[in-house]
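Coordinate analysis (summary)
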Amino acid sequence: MKERWKPLASEVLHDAGIFQLRKDEYEHGGRPTHSYYVLETRPWINVVPITTDGQLILVRQFRHGIREVTLEVPGGVMDDTDGTPAEAAARELLEETGYRGDPPELLGAVSSNPAILTNRTYCFVARNLERVAELDLDPHEDIVVETRPVAEIPELIRSGAIHHSLSVAALSLYLLRGSDGHT
């Protein structure tokens, strides 16, 4: 980068609860740039959940952005009540699947979409999971839980059965680490 981007102004245009729309103005190369629009949002969580018998737990849910039902790993936005990303991961996992087991382990964090989003998505793996509860969904959630053998992960991604980019990122981090937990 030859020139630095100098912030000139920043203004929140709309608060939609789950995100705020912000307009930023910069100077680059000694000249003002056009306006950039950014969504400020909280950190997100994704969990790669593995049962005691080696099954991957997935959820199917409707996604409004693409108006389709997607197959993905459980996850969601961190709440005010979540102390840490790991606590949020355990909460989301239990709420969306009814499974609990070993504490979630951080696989890594990714920038969700740094062109327009301010947040990161924390990706976890949770192992030795067993079904301990019914789903505890928000009124606006409609989720179906299913399991697949862990060995199917690459084909689920390759075939497009799983196409949610943040789920692909979490599953890729899991595969890069290896099933034994080491890189």
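The structure we're discussing is the one just above.
Everything numeric here is computed off the predicted structure, so don't read it as measured data. (Residues numbered from 1 in each chain as written. Predicted model: local features only at pLDDT ≥ 70, side-chain atom pairs only at ≥ 80, totals over all residues. Heavy atoms only, no water.)

1. Some thoughts on the layout of surface pockets
The condition is simple: A pocket, in this scheme, is an open set of points on a 1 Å grid over the protein atoms alone with protein on both sides within 12 Å along at least 5 of 7 lines, while a cavity is a set where a 1.4 Å probe fits but cannot get out; residues line either one if an atom lies within 4 Å of a point. Grid points are joined across faces, edges and corners, and a volume is the space filled by probe spheres set on the points. A run of H or I in DSSP counts as a helix once it spans at least four residues, and a run of E counts as a strand once it spans at least two, with each numbered from the N terminus. Three categories are distinguished: nonpolar for Ala, Val, Leu, Ile, Met, Phe, Trp, Tyr, Cys and Pro, charged for Asp, Glu, Lys and Arg, and polar for the others, with Gly belonging to the last.
Taken as a whole, the largest pocket spans an internal volume of roughly 1300 Å³. Lining the largest pocket are 37 residues, and of these Ile18, Trp44, Arg63, Gly76 and His164 sit closest to its centre. Sorting the residues of the lining of the largest pocket by element identifies strand E4 (36–41), strand E5 (44–51), strand E6 (55–63), strand E7 (68–72), strand E8 (75–77), helix H1 (85–97) and helix H3 (165–177) as the ones contributing at least two each. Top element by residues in the lining of the largest pocket is H1. It accounts for four residues. Taken as a whole, the second largest pocket encloses approximately 160 Å³ of empty space. Considering the residues around the second largest pocket, the lining is formed by Trp5, Arg22, Tyr26, Tyr36, Val38, Pro114, Ala115, Ile116, Leu117 and Thr118. Of all the secondary structure elements, the ones that give two or more residues to the lining of the second largest pocket are strand E2 (19–28) and E4. Tallied by class, residues from the lining of the second largest pocket come to eight nonpolar, one polar and one charged.

2. Quick word on the packing of aromatic side chains
The cut-off we apply is this: Any two rings among Phe, Tyr and Trp, with Trp reduced to its six-membered ring, count as a pair given centres within 6.5 Å; such a pair is stacked if its planes are under 30 degrees apart, edge-to-face if over 60, and tilted if neither. Per-residue accessibility, obtained with a 1.4 Å probe over protein chains only, is compared with the maximum for each type, and a residue is labelled buried under 20%, exposed over 50%, and partly exposed between these values.
This model, assessed by the stated rule, comprises three aromatic pairs. Ring plane angle 90 degrees and centroid distance 5.9 Å describe the contact between tryptophan 5 and tyrosine 26, whose orientation is recorded as edge-to-face. You can see tryptophan 5 sitting in strand E1 (residues 5–15) and its partner tyrosine 26 sitting in strand E2, a full 21 residues away along the chain. Note on tryptophan 5: relative accessible area 35%, which makes it partly exposed. Centre to centre, the rings of tryptophan 5 and tyrosine 36 are 5.9 Å apart; their planes meet at 80 degrees, and the pair counts as edge-to-face. One end of the pair, tryptophan 5, is in strand E1; the other, tyrosine 36, is in strand E4, and 31 residues separate them in sequence. With relative accessibility at 27%, the residue tyrosine 36 sits in the partly exposed group. Among the aromatic residues, those joined into a ring-pair cluster are Trp5, Tyr26 and Tyr36.

3. Overview of unusual backbone geometry
Phi is positive for arginine 67, close to 55 degrees, though the residue is something other than glycine. Assignment of secondary structure puts arginine 67 in the loop between E6 and E7. The exposed category is assigned to arginine 67, whose relative accessible area is 70%. Unlike most non-glycine residues, asparagine 128 shows phi in positive territory, near 55 degrees. With respect to the helices, strands and loops of the structure, asparagine 128 is situated in strand E11 (residues 120–131).

4. Let's talk about H1
Helical periodicity: at 3.6 residues per turn, an α-helix aligns residues three or four positions apart in one direction. Here is the rule: The span you would expect from a helix comes to 1.5 Å times its residue count less one.
Taking 1.5 Å of rise per residue, 13 residues should cover 18 Å, and H1 covers 18 Å from first to last C-alpha, within 8% of that figure. Residues of H1 that are buried include every one of Ala88, Ala89, Arg91, Glu92, Leu93, Glu95, Glu96 and Thr97, and no others.

5. Focus: the side chain of threonine 97
In plain terms, the rule: What qualifies as a polar contact is a pair of N or O atoms within 3.5 Å, subject to a donor-acceptor requirement within protein and to the restriction that residues adjacent in sequence count only when both atoms come from side chains. Note on definitions: a residue-residue contact is assigned when non-hydrogen atoms from the two residues lie within 4.5 Å.
With respect to the element layout, threonine 97 can be found in helix H1. The class for threonine 97 is buried, based on a relative accessible area of 0%. A polar contact of 3.1 Å, which involves the side chain of threonine 97, links it to the backbone nitrogen of tyrosine 99. Each residue touching threonine 97, except ones within four places of it in the same chain, is listed here: Ile57, Val59, Pro74, Arg131, Leu135 and Val145.

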